[in-house]
Amino acid sequence: SSLMRRGPLMLHQPRHAEKGFVLPVAIGTSLVLLLGSASVHSLALHARLRARSSWQDQERQDQLRSAAMAFLEQANTPAQRCLMESPLALWPSQATHCGANDAAALNQGQAGPHRWELLDWQPSSQGAELQLRLGGSESVRALSLSRTPDGFQLRDGLQAVQP
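Residues numbered from 1 in each chain as written. Predicted model: local features only at pLDDT ≥ 70, side-chain atom pairs only at ≥ 80, totals over all residues. Heavy atoms only, no water.

## Focus on the overall build of the protein chain
Piece 1. Helices and strands together make up the secondary structure of the protein chain, namely three helices and five strands.
Piece 2. Listing the helices and strands of the protein chain from first to last along the sequence gives α-α-α-β-β-β-β-β.
Piece 3. When burial is assessed residue by residue, the protein chain has 26% of its 163 residues classed as buried.
Piece 4. Taking as baseline every contact in the protein chain between residues at least 6 positions apart, the subset at least 24 positions apart corresponds to 38%. (Helix = DSSP H or I, 4+ residues; strand = E, 2+ residues; numbered from the N terminus. Buried < 20%, exposed > 50% of the residue type's maximum accessible area, 1.4 Å probe, protein only. Contact = heavy atoms within 4.5 Å.)

This is the structure in structure tokens:
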């Protein structure tokens, strides 16, 4: 009879030990899954922000190229061609010599919904460097231009310029 009592007690004890082991393992597993999920979510959010930033940079570059094209549309006219041979700082003194009645129209303009402002123009024998700023933006971009028989055209690439 005393053996019978010990038998069930001994069998019952491992179950208590088993119950004490399952709860910490379940909590630990839950924490690992939660941290893993948070990590995956953070990585996905970071990738999304990077993609959005890249898209915004590309959109800004497209807007600047559009502004440069609007500038060149005005600058490549026969009336402005003489003025384009001089740096921006000399335009006021060259306007009369070149017969450019509307040199101020080259200082700013509109490209689609975006206003642009000319900050610098430096011609060279191979082309020119054009510095523009889009309205409401602090970033200044330099665009490299090449000479053509009809004036100037954009080369590939934009460079950031310190304001």
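The discussion continues.
## Considering helix α3 (residues 91–98)
An α-helical turn contains 3.6 residues, so a residue and the one three or four places further along point in the same direction.
Piece 1. Where α3 is concerned, the buried positions are W91, A95 and C98. For α3, the angular spread of the buried residues around the axis is 85°, confining them to a single face. Residues S93, T96 and H97 are exposed on α3 and point more than 90 degrees away from its buried face.
Piece 2. The first or second residue beyond α3 is G99, which carries a positive phi of 75°. (Arc of directions from axis to C-beta.)

## Notes on the nonpolar core
Piece 1. Counting 26 residues, the largest nonpolar core has F71, M84, W91, W116, W121 and L132 as the members making the most contacts within it.
Piece 2. Residue assignment for this core shows that the elements contributing at least two residues are α1 (2–75), α3, β2 (114–123), β3 (127–134), β4 (140–148) and β5 (151–161).
Piece 3. Tallying contributions element by element places α1 first for this core, with seven residues.
Piece 4. Leave out the neighbours within four places in its chain, and W121 touches F71, M84, S86, P87, L88, W91, A128, E129, L130, L145 and F152. (Core = buried A, V, L, I, M, F, W, Y, C linked by side-chain atoms within 4.5 Å.)

## Side note on the pattern of salt bridges
Piece 1. In this structure the tally under the stated criterion is three salt bridges.
Piece 2. Of the charged contacts, one joins E85 and R147 as a salt bridge, the two residues approaching to 2.9 Å between their closest N and O atoms. Separated by 62 residues along the polypeptide, E85 in the loop between α2 (78–81) and α3 and R147 in strand β4 bring together distant segments of the chain.
Piece 3. With relative accessibility at 43%, the residue E85 sits in the partly exposed group.
Piece 4. Among the residues examined, R147 registers a relative accessible area of 30% and is labelled partly exposed. (Salt bridge = Lys/Arg side-chain N within 4 Å of Asp/Glu carboxyl O.)

## With respect to a nonpolar patch on the surface
Piece 1. A cluster of nonpolar residues, L23, I27, L31 and L34, forms a patch on the protein surface that exposes about 410 Å² of accessible area.
Piece 2. Relative to the helices and strands, L34 is located in helix α1. (Patch = residues over 30% accessible without salt bridge, like charges linked within 9 Å, V, L, I, M, F, W, Y side chains within 5 Å. Areas by Shrake-Rupley, 256 points an atom, 1.4 Å probe, with all protein chains shown as cover.)

## Overview of the pairing of strand β1 (residues 108–111)
In summary, the side chains of a regular strand alternate between the two faces of the sheet.
Piece 1. Only one face of β1 is covered, namely the face carrying G109 and A111; the face carrying Q108 and Q110 is uncovered.
Piece 2. Across four bridges, β1 lies against β2 in antiparallel orientation. Across the sheet, Q110 pairs through a bridge with R115, a residue of β2. (Pairing = 2+ DSSP bridges.)

## Observations concerning the environment of L145
Piece 1. With respect to the element layout, L145 can be found in strand β4.
Piece 2. The exposure class of L145 is buried, given its relative accessible area of 0%.
Piece 3. Remark: the alpha-carbon pair of L145 and L72, spanning 73 residues in sequence, is separated by 9.7 Å.
Piece 4. Filtering out sequence-adjacent residues up to four positions away, L145 remains in contact with L72, W121, Q126, G127, A128, L130, F152, Q153, L154 and R155.

## Observations concerning the packing of aromatic side chains
The relation between two aromatic rings is expressed through the spacing of the ring centres and the mutual angle of the planes.
Piece 1. Scanning the model with the defined rule gives three aromatic pairs in all.
Piece 2. Taken together, a centroid distance of 6.0 Å and an interplanar angle of 85° make the contact between F71 and W116 edge-to-face. Of this pair, F71 sits in helix α1 while W116 sits in strand β2, and the two are 45 residues apart along the sequence.
Piece 3. Judged by its relative accessible area of 0%, F71 is buried. (Phe/Tyr/Trp six-rings, centres within 6.5 Å; stacked < 30°, edge-to-face > 60°.)

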